[in-house]
Amino acid sequence: MQTLREKKTLLTEILSADSSYILQHVQQEKIVTQRDYKNLNIPNQSDEKTVINLLDKVMNKGDTKCCELVKLLQKPDIIHNYPRLEEIFNNHPAPSDPTFNPAPTVPIPCTDTSDLETVGTSGDEVSLYEMTSVPRGLCLIINNEIFDKLRERTGTNKDAVDLANIFSRLKFRVVMCKDKTAVEIPSVLKVFSELKQLSDLQPYDVKEWVGGQFTDLKDLPKHGDAFVCCILSHGKKEGVCGTDGTVVPTIDILSPFNGTNCRILVEKPKLFFIQACRGLDLQEGVPVNKKLKVERRDGELDTDDGQIQDYTLPLYSDYLVFMANVDQYLSIRSPTSGSWFIQSLCGQLEKICTRGKNIYEILTGVKAEVSKKEGDLRVKDANGCYGYEVVKQSPDSRDTLTKTLIFPAETTPSS
């Protein structure tokens with residue numbers, strides 16, 4: 001991914017000479033899906049725009065696909081069609097896949113962290129997102145606890161309170177909407193993307209975190225230098241569940257804040273933290289030298305059943321989406337102490353922000369901490385008998401951030 005990031009401008013210029021040729025080869029090599037190909041191959045769109053969309057699409061897919069594209073660009077027939085590619089790859093042999101090679105049952109993580117400390121290796125200094133507004137921005141929590149037919153998400157209020165505490169310490173204005181249906185969730189997000197008048201928020205019973213508790217919202221919030229959205233809910237194959245059990249696709253959560261729908265947040269970071277399952281499978285452990293067991297049978301565990309669909313992003317710039325687990329797997333929540341993912345996120349934000357570190361170190365810290373957790377989950381077998389199975393979890397992040405993100409933070413809790 002580092003090669004694509006560093007050489008994106010030059011690659012765009014070179015490949016724009018014939019965008020259809022590279023697009024066909026990328027699809028033939030299955031670097032993008034047939035659906036991706038159709039979305040990229042837009043009639044009357046400029047070659048340059050097509051190539052930019054293609055490169056962004058591949059980088060959003062993570063390390064493995066980026067390596068596949070770099071290898072493709074070094075094939076003789078491709079270089080024959082784009083001779084200037086030799087300017088890029090003449091001294092750069094085809095890379096080996098930098099991702100680890102897990103057992104077939106363990107999915108490969110989707111996030112690239114290979115160049116966290118070398119963001120300026122190309123000679124161009126990466127600037128910081130501005131974080132000077134007061135408040136820093138809005139933190140919206142959508143907390144679904146009680147459902148019509150799905151089971152109650154006990155423990156979710158602990159997550160909501162801890163999120164409110166840490167983001168208020170990071171100088172965000174924190175608001176929460178509780179128990180929203182699949183129709184209400186996109187409506188709430190649209191209203192918060194626009195923030196026209198307080199009366200627009202009143203139908204959704206918005207609460208604000210003040211003095212250590214959620215109270216009635218008194219005035220219209222305003223956007224600042226960043227936007228944070230935390231969604232705590234059940235999920236199914238297609239996306240996040242409303243309280244009515246109907247699914248909200250992930251793209252419908254992100255789209256109200258894109259560059260067209262929310263101009264005030266253009267070039268500002270938009271962070272989405274989603275606590276929900278992404279499937280029904282239990283992720284098993286892989287033996288390592290040290291094994292940390294943090295949950296036992298005396299601490300009952302619960303899950304947020306369902307799957308969040310792999311989102312499809314056009315040119316959505318300055319987004320970060322951090323999900324509780326990789327595709328196909330359950331996410332774990334304790335009815336008493338909250339979810340593994342959100343509790344780790346709050347802890348890492350508190351620890352790392354006070355040291356002036358960037359968002360990628362927070363993501364890495366959460367992934368490292370959660371991956372070491374292990375619990376016994378009560379499950380029903382094919383005969384209807386209950387037993388316990390060991391369960392693991394691997395948070396998954398993807399982003400289109402264009403600058404370095406650091407949250408200035410207080411070193412002591414605010415009163």
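Our structure's up above, just so we're on the same page.
Overview of the structure.

Thresholds applied
Numbers given for residues are sequential positions, taken from 1 along each chain in its written order. The predicted nature of this model means local features are confined to residues of pLDDT at least 70 and side-chain atom pairs, given and counted, to a pLDDT of 80 or more, with totals for whole chains, interfaces and linings taken over all residues. Side-chain numbers come from the whole structure's heavy atoms, not from hydrogens or water. Put simply, DSSP marks the helices as runs of H or I at least four residues long and the strands as runs of E at least two long, and each gets a number from the N terminus on. Take the residue count of a helix, subtract one, and multiply by 1.5 Å to get its expected span. Only protein chains enter the area calculation, which uses a 1.4 Å probe; residues under 20% of their type maximum are buried, those over 50% are exposed, and those in between are partly exposed. Pairs of strands are assigned from DSSP output, requiring at least two bridges between the strands. Here an angle of 0 to 180 degrees is reported between the N-to-C directions of two axes, which are lines fitted to C-alpha atoms, with helices fitted over the stretch in contact. Our angle categories are set so that under 35 degrees counts as roughly parallel, over 145 as roughly antiparallel, 65 to 115 as roughly perpendicular, and the remainder as oblique. What makes a crossing left-handed is the near helix being turned counterclockwise from the far one by less than a right angle; a clockwise turn instead makes it right-handed. We call two residues in contact whenever any of their non-hydrogen atoms come within 4.5 Å of each other. Classification used: nonpolar for Ala, Val, Leu, Ile, Met, Phe, Trp, Tyr, Cys and Pro, charged for Asp, Glu, Lys and Arg, polar for all others including Gly. Grouping buried Ala, Val, Leu, Ile, Met, Phe, Trp, Tyr and Cys residues that are joined through side-chain atoms within 4.5 Å yields what is termed a nonpolar core.

Thoughts on helix α9 (residues 156-169)
And then number 1: In a regular helix each residue adds 1.5 Å, so 14 residues correspond to 20 Å; α9 covers 20 Å between its end C-alpha atoms and thus fits that length.
And then number 2: All of the buried residues in α9 are Thr156, Asp159, Ala160, Asp162, Leu163, Ala164, Ile166, Phe167 and Arg169.
And then number 3: One or two positions beyond α9, positive phi appears at lysine 171, with a value near 70 degrees.

Quick notes on the pairing of strand β11 (residues 319-323)
And then number 1: Counting buried positions along β11 yields five of five residues, so the element is predominantly enclosed.
And then number 2: The side-chain alternation of β11 yields two buried faces, one formed by Tyr319, Val321 and Met323 and the other by Leu320 and Phe322.
And then number 3: Judged from the five bridges that link them, strand β9 (residues 270-275) and β11 form a sheet pairing that is parallel. The residue bridging lysine 270 from the neighbouring strand is tyrosine 319, located in β11.

Concerning the packing of helix α3 (residues 19-28) against helix α6 (residues 63-73)
And then number 1: Interaxial distance between α3 and α6 falls to 11 Å at its minimum, and their mutual angle equals 125 degrees. Accordingly, the angle class assigned to the pair α3 and α6 is oblique. Crossing of α3 over α6 shows right-handed handedness. Contacts between α3 and α6 involve Ile22, His25 and Val26 on the former and, on the latter, Leu69, Leu72 and Leu73.
And then number 2: In terms of residue class, the contact of α3 with α6 is made up of five nonpolar, one polar and no charged.

Overview of the nonpolar core
In a soluble, globular protein the nonpolar side chains are often hidden away together inside.
And then number 1: Residues Ile141, Leu163, Phe167, Phe273, Leu349, Ile359 and Phe407 are the most contacted members of the largest nonpolar core, which totals 45 residues.
And then number 2: Mapped by element, the contributors of at least two residues to this core are β1 (137-143), α9, β2 (173-178), β5 (226-232), β9, β11, α12 (340-353) and α13 (359-372).
And then number 3: Considering each element in turn, this core owes the most residues, eight residues, to α12.
And then number 4: Those residues in contact with phenylalanine 167 that lie beyond four places of it in its chain are Cys139, Phe172, Val174, Val228, Cys230, Phe273 and Leu349.
And then number 5: Grouped together as the second largest cluster of nonpolar side chains are 33 residues, Ile142, Tyr204, Phe272 and Ile274 included.

Purely geometric stuff here, so don't read any function into it on its own.
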